[in-house]
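Now for the letters of each chain:
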Amino acid sequence: MTRIDFHSNVPEKIHYACRLVRKARTADCRVVVFAERADLAALDTALWTFMEQEFVPHVMANDALAARTPVILTDSDTAELPHHEVLINLSNATPSNFASFERLLEIVSTEENEAAAGRERYRFYKQRGYPLNHFVAEKS
């Protein structure tokens with residue numbers, strides 16, 4: 001069963017996602033990030049510039065190198081994916097493919113509409129019996 005971790009009250013979700021991707025990669029996990037197109041573009045840029053001395057290899061799900069790349073970015077929860085270890089959700093939607101992943105990390109920002117959508121997703125998973133963890137981001 002998919003382990004689900006909620007990270008709420010996140011002030012800068014793109015930067016926060018970069019930190020989670022880096023942490024997962026340090027643990028040698030393969031990651032898929034699901035987000036709206038605008039957030040994916042911002043995340044793509046941020047992963048190139050996040051750490052001055054590091055590079056996080058990543059491509060879009062439809063890229064020819066996706067099967068050999070540890071971090072996949074997608075705005076489609078029906079895209080064919082080469083791995084199903086960690087899914088990071090930056091969108092307000094419940095990814096339809098979340099149950100095919102070992103772990104789901106839900107990132108919920110401080111914006112009220114995102115917080116409300118996050119609460120709905122939390123209830124959805126809880127009603128279905130998924131193990132849930134909740135982490136509240138510390139303000140910097």
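What counts as what
Residues numbered from 1 in each chain as written. Predicted model: local features only at pLDDT ≥ 70, side-chain atom pairs only at ≥ 80, totals over all residues. Heavy atoms only, no water. Salt bridge = Lys/Arg side-chain N within 4 Å of Asp/Glu carboxyl O. Buried < 20%, exposed > 50% of the residue type's maximum accessible area, 1.4 Å probe, protein only. Helix = DSSP H or I, 4+ residues; strand = E, 2+ residues; numbered from the N terminus. Polar contact = N/O pair within 3.5 Å; in protein donor to acceptor, adjacent residues only side chain to side chain. Contact = heavy atoms within 4.5 Å. Expected span 1.5 Å × (residues − 1). Arc of directions from axis to C-beta.

Participant: Honestly, the pattern of salt bridges in this entry has me stumped. Any pointers?
Facilitator: Where charged atoms from two side chains of opposite charge come close, those side chains can pair. Evaluation of the coordinates by the stated rule reveals 10 salt bridges. The shortest N-O distance in the salt bridge between R25 and D28 comes to 4.0 Å. Given the relative accessible area of 24%, R25 is considered partly exposed. Relative accessible area serves as the criterion here: at 58%, D28 is assigned to the exposed category. Between R121 and E106 there is a salt bridge; the shortest N-O distance is 2.7 Å.

Participant: Would you explain the side chain of H7 in this entry?
Facilitator: For H7, the location among the structural elements is in strand β1 (residues 3-10). Within the structure, H7 has its side chain in polar contact with the side chain of Y16 (distance 2.7 Å). Once residues lying within four places of it in the same chain are set aside, the contact partners of H7 are Y16, L20, L105, E106, I107, V108 and F135.

Participant: Honestly, helix α2 (residues 37-49) in this entry has me stumped. Any pointers?
Facilitator: Because the α-helix completes a turn every 3.6 residues, residues three or four places apart line up on one side. Its 13 residues give α2 an end-to-end C-alpha distance of 19 Å, which sits within 8% of 18 Å, the value for a rise of 1.5 Å per residue. Residues of α2 that are buried include every one of D39, L40, L43, A46 and L47, and no others. Down the axis of α2, the sector holding all buried residues measures 125°, keeping them to one side. Turned more than 90 degrees from where α2 packs its buried face, R37, A38, W48 and T49 sit exposed. Lining the buried residues of α2 we find α1 (13-26), β2 (31-34), β3 (58-60) and β4 (71-74).

Participant: I tried to follow the environment of T94 on my own but got confused; where do I start?
Facilitator: You can see T94 is positioned in the loop between β5 (86-89) and β6 (103-109). When the C-alpha positions of T94 and Y122 are compared, they lie 9.5 Å apart, and in sequence the two are 28 residues distant. Those residues in contact with T94 that sit more than four places away from it in its chain are D77, R121, F124 and Y125.

Participant: I would appreciate a short explanation of helix α3 (residues 112-127) in the present structure.
Facilitator: Counted at 1.5 Å a residue, the expected span for α3 with its 16 residues is 22 Å, and the 23 Å between its end C-alpha atoms agrees. Listed in full, the buried residues belonging to α3 are E114, A115, A117, G118, R121 and Y125. When α3 is viewed along its axis, its buried side chains cluster within an angular range of 160° and face the same direction. Facing away from the buried side of α3 by more than 90 degrees, the exposed set consists of E112, N113, K126 and Q127. Along its buried surface, α3 packs onto β1, α1, β5, β6 and β7 (132-136). Following α3 by one or two positions, G129 has its phi on the positive side, about 85°.

Everything listed is a geometric property; what it means functionally is a separate question.
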